[in-house]
Structure formats: structure tokens, C-alpha cells
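# Results of the structural survey
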Amino acid sequence: MVKMMNKRGGEKLLTFWWFAILTLVVIGIVGGVSLMSYKEIDVKRYEAETLSVKLERCLVDLGKLKIDVLKNCGDLNRECGLNDEMFKGDGAFFYDLELTNSNGARVLSCRDGNLGLKPSCLFDADIKVRTNKFPVCSERNVSLRYYEDKWIDGNVKIVTGSNQNGRVAK
Amino acid sequence: METFIFIVLNIAFFVLMLFYISNNLSEDRLVEQRLAKQIGLILDNGEANTTFFVDISEGAKVAKDNEYTGDIFFLNKSSGEIKFQLSRKSGYLFNYFSDYNITYSITDRDAQKYLFLVLGEKNG
């Protein structure tokens, strides 16, 4: 027969396991709260589209290419009302413009910004990929005419991208 | 005695947790972020010589609730940066890529707060 002498169960309250459970609760609450409170509104797609439209408006007028603007690539940001600072170094934006003739041969090109983003571009069809790490890009082809001694049919491919998430200022 | 310490520690723990949750689950940051991105996209989309009235009453209300009386909107033209700050703690920064000569002011109209943005000519 087992004698239950001096056995008073449940009295030891401040045990290692109590602290362990509290630690787990803290981890759970902090994790949950930080997930809930940090919702990122993703506008990269709209920024890429806006940049693309802005460049098209700047370069094309009534179906005709302002070829001098494209030729003067180093001055394109100023001509098109873009802030040079945003296209320096490892920035969040880039654009890549390419003029081809009716045979598809490249005539001119101009690019600026963080072109390292281009290989990891997500386009409209890929947007279901839920991540804010990848840049979102836009690609549009504009059929037009350009003047080089005579009017020639051509196409400008405008690829733009944004990887801007915004940030909390301390 | 151990029971007393146990109860006090439990109460302290839950009070601290509730304080942490109420402090961090506020919508302040979301409103700051939404307004900063909204203004950023307006500035990027805008054309030269355009004026915009943006209703920022929601942000002004959050700032008032937080008893924050400082400036809620900042714009740095050279770095292309805008910031909304609705509390003493922090703010939200967002860049815009257009390069216009921008002037702004915050005005009250019909008990609403508006950000009045004027996009002038291109810089450079």
C-alpha cells in the first residue's frame, strides 16, 4: 500500500514550465501583433505603370517619336520631368527604352535606374506571387513613326519597374 | 507567499501584454502609409501646372487622437521624399520620381482638412 504522506499536489507554482509557457505566449502574441500591424500596401505596379505612361507621353506625340529626346539619353530624365536622384545607384526604379525599326532591328536604346532589378521583374500575370521583395514591372510596345531623313515605321518598347516599399521613419 | 507572487506576476504579465497590444495594433501606421503612398502616386501621375486638393482629414483626426500637434506632412523636393507623421513616435516615408517644382499648404474647409498641392514647371 502506498502511503500519501505530506503530498500536497499543485502547490509549486513558479516552476520552469510556467515560465516556459509565458515565454511561448509572449512569442505568439508579439509575432501575431507584428504580423497584423505591419500591412504593406503594395503600389509598385501603379508606379511602374505611371513611369511607363510618363515616358510614353514625353517621347511620343500623335504617333510620332520625338527622336531627339531619345537620342539625348543623358538628358532624358530632365526632359521628361523625372528626378535624377531616384534613378541613381541601387534605387527602387528603372526604365529601359528600345526603338526598333519595322524589321525589328534595334535603332536606339536608353536606360537608367537600377537595372539589376530587371531580371527579377514580376509582370501582371505573375502578381499572384505574394511577396514584397520582388520588383513589379510594366512592359508596353508603342507603334509609331520616327524621322531619320524620312519617316520610318517603328516601335518603342518601354520596360519600367519599381521596387519601392516605403519605410517607417524613426 | 508563493501564491501571492504567482498572482501578482500573472496580473503584471497580462497588463503588460494588453499595453503592448493596444500600443502596436493601432491603425496609425496604416493611415500614415496610405496617405504617403496616395500623395506619392498623385505627384508621380500629375502633369506640370496642375493643382490637387487631397482630403487628409483622416490623418488629421489620427494626429489629434494621438495629441500630436506638430506638422503632419513633409516634402523634400531634392530627395523626392514625402513623409506623413501622425504621432510623436514615427512617420512613414515614401519617394516619388517626378521632378516638378511643388508647393503645398494644408487648409481647413468645411471642417475637413485638405492638402493643397501645386505642381509647377519641371525642375532642372
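Residues numbered from 1 in each chain as written. Chains lettered and ligands numbered in written order. Predicted model: local features only at pLDDT ≥ 70, side-chain atom pairs only at ≥ 80, totals over all residues.

## Focus: the overall build of chain B
For chain B, the count of helices and strands is 3 helices and 6 strands. Shown N-terminal to C-terminal, the secondary structure of chain B runs as helices and strands in the order α-α-β-α-β-β-β-β-β. Relative to a compact globule of 124 residues, whose C-alpha radius of gyration would be 14 Å, chain B shows 20 Å and is clearly more extended. In terms of principal-axis extent, the alpha carbons of chain B reach across some 75 × 35 × 20 Å. Counting over 124 residues, chain B shows a buried share of 31%. Residue pairs in contact within chain B that sit at least 24 positions apart in sequence constitute 56% of those at least 6 positions apart. (Helix = DSSP H or I, 4+ residues; strand = E, 2+ residues; numbered from the N terminus. Rg over C-alpha atoms; globule rule 2.2 N^0.38 Å. Buried ≥ 20, exposed ≤ 12 C-beta atoms within 10 Å, placed from the backbone. Contact = placed C-beta atoms within 7 Å.)

## Overview of the nonpolar core
Counting residues in hydrophobic clusters, the biggest one holds 48 residues, and the most contacted among them are L65, F93, Y95 and V156 of chain A together with A36 and F84 of chain B. Top contributing element to this core by residue count: strand β3 (residues 93-101) of chain A, with 5 residues. When near neighbours in sequence (up to four residues on either side) are disregarded, Y95 of chain A contacts L51, L55, R111, D112, G113, I158, V159 and T160 of chain A. (Core = buried A, V, L, I, M, F, W, Y, C linked by C-beta atoms within 7 Å.)

## Examining the sheet that holds strand β5 (residues 100-109) of chain B
Residues and elements named next belong to chain B. The 3 strands lie next to each other as β1-β6-β5, forming an open sheet whose pairing is antiparallel. Only two strands of the sheet have a single neighbouring strand rather than two, namely β1 (50-55) and β5. On average, each strand axis in the sheet is tilted by 20° relative to the strand beside it, whichever way the strands run. Note that β1 and strand β6 (residues 112-122) share 6 bridges and pair antiparallel. Each bridged residue has a counterpart across the sheet, and for T50 the counterpart in β6 is L119. The sheet strands contacting helix α2 (residues 28-45) are β1, β5 and β6, and the helix crosses β1 at an angle near 165°. (Pairing = 2+ DSSP bridges. Axes fitted to C-alpha atoms, helices over the stretch in contact; angles between N-to-C directions.)

## Overview of the confidence of the model for chain B
Looking at chain B as a whole, the pLDDT averages 90, with 99% of positions reaching at least 70. For this predicted complex, the interface score ipTM comes out at 0.80, while the overall pTM is 0.80. (pLDDT = per-residue confidence, 0-100.)

## Things to note about the sheet that holds strand β2 (residues 73-76) of chain B
Taken together, the 4 strands give an open sheet; going across it, the order is β7(A)-β4(B)-β3(B)-β2(B), and neighbouring strands pair in antiparallel fashion. The sheet terminates laterally at β7 (167-169) of chain A together with β2 of chain B, the two strands that pair on one side only. Adjacent strand axes in the sheet meet at a mean angle of 25°, parallel and antiparallel pairs treated alike. Note: β2 of chain B against strand β3 (residues 81-84) of chain B, 4 bridges, orientation antiparallel. For F74 of chain B, the partnering residue across the bridge sits in β3 of chain B and is K83 of chain B. Those strands touched by α2 of chain B are β7 of chain A together with β3 and β4 (91-95) of chain B, and its axis lies near 25° from that of β4 of chain B.

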